[in-house]
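# Structural overview for review
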Amino acid sequence: NTRIVLASRPNGAPVSINFRIEHVPVPAPGPGEVLLRNRYLSLDPYMRGRMEEGPSYAAPVALDAVMEGRTVAEVLASNHPGFAIGEHVLAPGNWQTHAVIHGDQLSRKLENNDLPISTALGVYGMPGFTAYVGLQEIGKPQPGETLVVAAASGPVGATVGQIAKLQGARTVGIAGGEQKRAYLETLGFDVALDHRADDFAAQLRAAVPDGIDVYFENVGGHVFDAVAPLLNDFARIPVCGTIATYNARGAVLPGPDRLPGFMSQVLRQRLTVRGFIQSDLHAFFPAFLREMGQWLKDGRVQYREDIVEGLENAPEAFFGLLKGRNFGKLVVKLD
Ligand code: NDP
């Protein structure tokens, strides 16, 4: 079993010495357990939070423990009646080639459908569900309303834009760089913008003549600064992620304190600002699988994967995710 453990906690952006690669014997499954060979490992922005101690919605990864992560895995041996050799499952398989997990902890078997199994980590899994449920429960885009989302070429943002469009909204997607920006146009965003452009804030203003009704917050930072003055009364802001500041957790950020001004705006404009963690809303997951399965089949929702080969390349790929070097759902192929 080859695995990557958390060797030290980062100070700012994570670096290679924060991880260590180890080779250990493949464990044998005990009663009720299955032995899995991980085939795809999902790399996600939340993993930056797991590297850090301090208050959060989930416990940190302990030092010297295997880094946490979802995998798509193949059953190699099974002592659980629910799983047979050769089946594929979604698993909390972590950053390693093999895992032993109790069958009761495996929530999802990947049935035969026409989708690649890796999509269970992206558009047809947690990130796609995040987009779906954040819109359904908080964003609630109405026909003719304007929705804005950044990190819009990634699995959450791309799905947000496409679902909102299906629901009749006018959509503005934001991404870093011309290549990603042009890709957003192929997804059907009404307007696609590059947040690295010098005049990005002016471009955004011009793109939303009727203001912004839903801002699906994935990034924070300078994108949020450009969005805030353009929000309409009663706008909804599902707060999904603030990746622009994930490497600055705990630090006092530079600049004037804009919190009193923003709270006053929330009040005056009767904004709904609601943070959410997708796992709290798991009751909607079956409906998501049904609806998204149909949209994918009909080609009404498209997706893009960024597949990196080899577990040893996971740390570097993860560093890139926090800087926008990924282009689509970042997945590591392990075999
Ligand atoms: P992506 O694949 O979209 O990767 C993250 C992207 O963020 C990068 O590619 C980059 O895209 C963008 N980014 C990074 N830094 C900045 C910055 N300073 N300003 C603007 N954009 C930046 O990730 P996901 O789709 O997996 O996740 C998107 C967001 O959703 C994240 O914040 C994540 O934490 C959050 N999330 C929240 C969940 C929840 O339950 N609340 C569940 C899943 C995800 P670009 O090059 O376009 O700038």
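Residues numbered from 1 in each chain as written. Predicted model: local features only at pLDDT ≥ 70, side-chain atom pairs only at ≥ 80, totals over all residues.

In the annotation of an unreviewed UniProt entry, the entry for the protein reads NADP-dependent oxidoreductase, and the organism field reads Stenotrophomonas bentonitica.

On to the sheet that holds strand β9 (residues 170-175), then. The six strands are arranged β10-β9-β8-β11-β12-β13 in an open sheet whose pairing can be described as parallel. A strand with exactly one partner marks an edge of an open sheet, and here the two such strands are β10 (191-194) and β13 (272-275). Within the sheet, the average angular offset between the axes of one strand and its neighbour, ignoring direction, is 15 degrees. Both strand β8 (residues 146-149) and strand β11 (residues 212-216) contribute to a ladder of three bridges, which runs parallel. (Pairing = 2+ DSSP bridges. Helix = DSSP H or I, 4+ residues; strand = E, 2+ residues; numbered from the N terminus. Axes fitted to C-alpha atoms, helices over the stretch in contact; angles between N-to-C directions.)

With that settled, the discussion passes to the confidence of the model for the protein. Chain-level pLDDT for the protein is 96 on average; 99% of the residues reach the 70-or-more range. Across the assembled chains, the prediction reports ipTM 0.99 with pTM 0.97. (pLDDT = per-residue confidence, 0-100.)

Right, let's talk about the domain arrangement of the protein for a bit. Each assigned domain of the protein is listed here: domain 1 (2-122 + 305-333) and domain 2 (126-280). Across the boundary between the two partners, domain 1 contributes 15 residues, which contact 15 residues of domain 2. Partitioning the side of domain 1 that touches domain 2 into residue classes produces five nonpolar, six polar and four charged. (Domains from an automatic or database assignment. Contact = placed C-beta atoms within 7 Å. Nonpolar A, V, L, I, M, F, W, Y, C, P; charged D, E, K, R; others polar.)

Moving on, we come to the pairing of strand β4 (residues 71-78). In this structure, strand β3 (residues 33-42) lies alongside β4, joined through seven bridges in antiparallel fashion. Residue L35 lies in a different strand from β4, and its bridge partner there is A77. Relative to strand β5 (residues 88-91), β4 runs antiparallel, the two sharing four bridges. Residue pairing across strands places V72 opposite L90, the latter belonging to β5.

Turning our attention to the environment of G49. Looking at the secondary structure, you find G49 in helix α1 (residues 46-50). Along the primary structure G49 and A62 are separated by 13 residues, whereas in three dimensions their C-alpha atoms are 12 Å apart. Not counting residues within four places of it along the chain, the set of residues in contact with G49 comprises S56 and Y246.

What follows is about the site of the ligand. Lining the immediate environment of the ligand, one finds 31 residues, of which G154, G176, G241, A244 and G324 sit closest. At the level of secondary structure, the elements contributing two or more residues to the shell around the ligand comprise α2 (126-139), α3 (155-166) and α6 (221-227). Ranked by residues supplied to the shell around the ligand, first place goes to α3 with three residues. The residue inventory of the shell around the ligand, partitioned by class, reads 17 nonpolar, 12 polar and two charged. Both domains that furnish three or more residues to the shell around the ligand are identified here as domain 1 (2-122 + 305-333) and domain 2 (126-280). (Near = placed C-beta within 6 Å.)

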